[in-house]
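The lines below spell out each chain.
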Amino acid sequence: MTSGHTDCHFCLQSLRGRKYALREENAYCVPCYDSLYANPCEECKQPIECNSKDLAYKGRHWHERCFRCAKCSRSLVEKPFAAKDEVLLCTECYSDEYSSKCFHCQKTIMPGSRKMEFKGSSWHESCFVCQYCRQPLGTKPLITKDNENYCVPCFEKQFAHHCYACKKVITSGGVTYHDQPWHKECFVCAGCKTQLSGQRFISKDEYPYCVDCFSKFYAKKCAACKKPITALGGAKYISFEERQWHGECFNCSECSLSLVGQEFLTRQDDILCHKCGSA
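This report concerns the structure included in the present document. All values reported here derive from a predicted model rather than from experimental measurement. (Residues numbered from 1 in each chain as written. Predicted model: local features only at pLDDT ≥ 70, side-chain atom pairs only at ≥ 80, totals over all residues. Heavy atoms only, no water.)

The subject of this paragraph is the packing of aromatic side chains. Under the counting rule described, the total for this entry stands at 19 aromatic pairs. Judged by centre distance (5.7 Å) and plane angle (75°), the ring pair of Tyr177 and Phe201 falls under edge-to-face. Highlighted residues: Tyr177 in strand S11 (residues 175-177) and Phe201 in strand S13 (residues 201-204), separated in sequence by 24 residues. Accessibility expressed as a relative area gives 6% for Tyr177, which makes it buried. Members of the aromatic cluster, connected to one another through ring pairs, are Tyr164, Tyr177, Trp182, Phe187 and Phe201. A cation over a ring is seen here: Lys167 above Tyr164, with NZ or CZ 4.9 Å from the ring centre. (Phe/Tyr/Trp six-rings, centres within 6.5 Å; stacked < 30°, edge-to-face > 60°. Helix = DSSP H or I, 4+ residues; strand = E, 2+ residues; numbered from the N terminus. Buried < 20%, exposed > 50% of the residue type's maximum accessible area, 1.4 Å probe, protein only. Lys NZ or Arg CZ within 6 Å of the ring centre and 35° of its normal.)

Time to look at helix H1 (residues 30-37). Those residues of H1 that fall on the buried side of the exposure criterion are Cys32, Tyr33 and Asp34. Each element contacted by the buried residues of H1 is listed here: strand S1 (20-23) and strand S2 (26-29). (Contact = heavy atoms within 4.5 Å.)

Here we take up the nonpolar core. Judged by nonpolar contacts, the single largest core of 15 residues is most densely connected at Phe67, Cys69 and Leu76. Residue assignment for this core shows that the elements contributing at least two residues are strand S6 (87-90) and helix H2 (91-98). It is S6 that contributes the most residues to this core, three residues altogether. Beyond its immediate chain neighbours, meaning those up to four positions away, Cys69 contacts Arg74, Leu76, Leu88, Leu89, Cys90 and Cys93. (Core = buried A, V, L, I, M, F, W, Y, C linked by side-chain atoms within 4.5 Å.)

A few words now on H2. Those residues of H2 lying buried are Thr91, Cys93, Tyr94 and Ser95. The inward-facing, buried residues of H2 abut strand S5 (81-84) and S6.

In the structure shown here, the tally under the stated rule is five salt bridges. The salt bridge involving Arg114 is made with Glu125; its shortest N-O contact spans 2.9 Å. Of this pair, Arg114 sits in the loop between H2 and strand S7 (115-118) while Glu125 sits in the loop between strand S8 (121-124) and strand S9 (142-145), and the two are 11 residues apart along the sequence. Note that Arg267 and Glu254 form a salt bridge whose closest N and O atoms lie 3.0 Å from each other. Residue Arg267 is found in strand S19 (residues 264-267), and its partner Glu254 is found in the loop between strand S18 (243-246) and S19; the two are separated by 13 residues along the sequence. Taking relative accessible area as the criterion, Glu254 reaches 49% and is therefore assigned partly exposed. (Salt bridge = Lys/Arg side-chain N within 4 Å of Asp/Glu carboxyl O.)

What follows is about the side chain of Asp34. Considering the arrangement of structural elements, one finds Asp34 in helix H1. Arg23 provides the closest opposite charge to the buried, salt-bridge-free Asp34, at an N-O distance of 10 Å. (Lys, Arg positive; Asp, Glu negative; His and termini not counted.)

Both S13 and strand S14 (residues 207-210) contribute to a ladder of four bridges, which runs antiparallel. Bridge pairing in S14 places Ile202 opposite Tyr209. Between the end of S13 and the start of S14, which pair antiparallel, lie two residues, with Asp205 showing a positive phi angle near 55°. (Pairing = 2+ DSSP bridges.)

Tracing the chain through its elements places Tyr28 in strand S2. For Tyr28, a relative accessible area of 5% translates into the label buried. Discounting residues that sit within four places of it in the chain, Tyr28 has contacts with Cys8, His9, Phe10, Leu15, Tyr20, Ala21, Arg23, Tyr33, Leu36 and Tyr37. Looking at Tyr28, its side chain comes within polar contact range of the side chain of Tyr37, at 3.1 Å. (Polar contact = N/O pair within 3.5 Å; in protein donor to acceptor, adjacent residues only side chain to side chain.)

Spelled out as structure tokens, the structure:
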């Protein structure tokens, strides 16, 4: 600027025919303005004179020629850049040094691009897809198998077990019976439909039965007490001429002596020890 003011506000020398700078409506000759107000350059430490462009970032200042990447020295003027520990870097150098690598493609996730994080790893949004249908997973529910990610429908289609009874997917828990998966709520007694998960049961013709139903439908009755004889828990029983007894019920009909492992005689429907049968 050429002077329209009379004198420099600081040194009081005439400004006629000279360049000057204004600050708060006061005119200064260039040397006075630079000595009083010029910002020091972060790079070269020299004042940024009023006839030079002053580039500022977070309270710090640079000459235009000094505003460069600290690693590759390329100019950052009118270009995107990033700061790390107060050091300015171009986006390429910043990415090489500090940016995350995509777990899938192992390429740098550039600053400003959307990054997905899952189980401590980072992904490009375009790489974070279902392994089967290749659709973006985004923030959708997903399931991981063998380090590959699947959307829930694809995982169920490919890997999930289906209940032997209702044919629907078993999403958690479940019961295995005869090498087939069942929902807990579907694993019921073939007779009374009571849930058997966690309960004692007996298998008959590939169907599970609760103890009561098995005893009701299939168990032989003790010839003495008339109660069902089941093998549950390894209980022993005695069989003779198409009749069965609980071990504790196989006693002499007269004296109640246990006949388990002993000789015995029969009289009609009674069983007798040798002494009572010979009397």
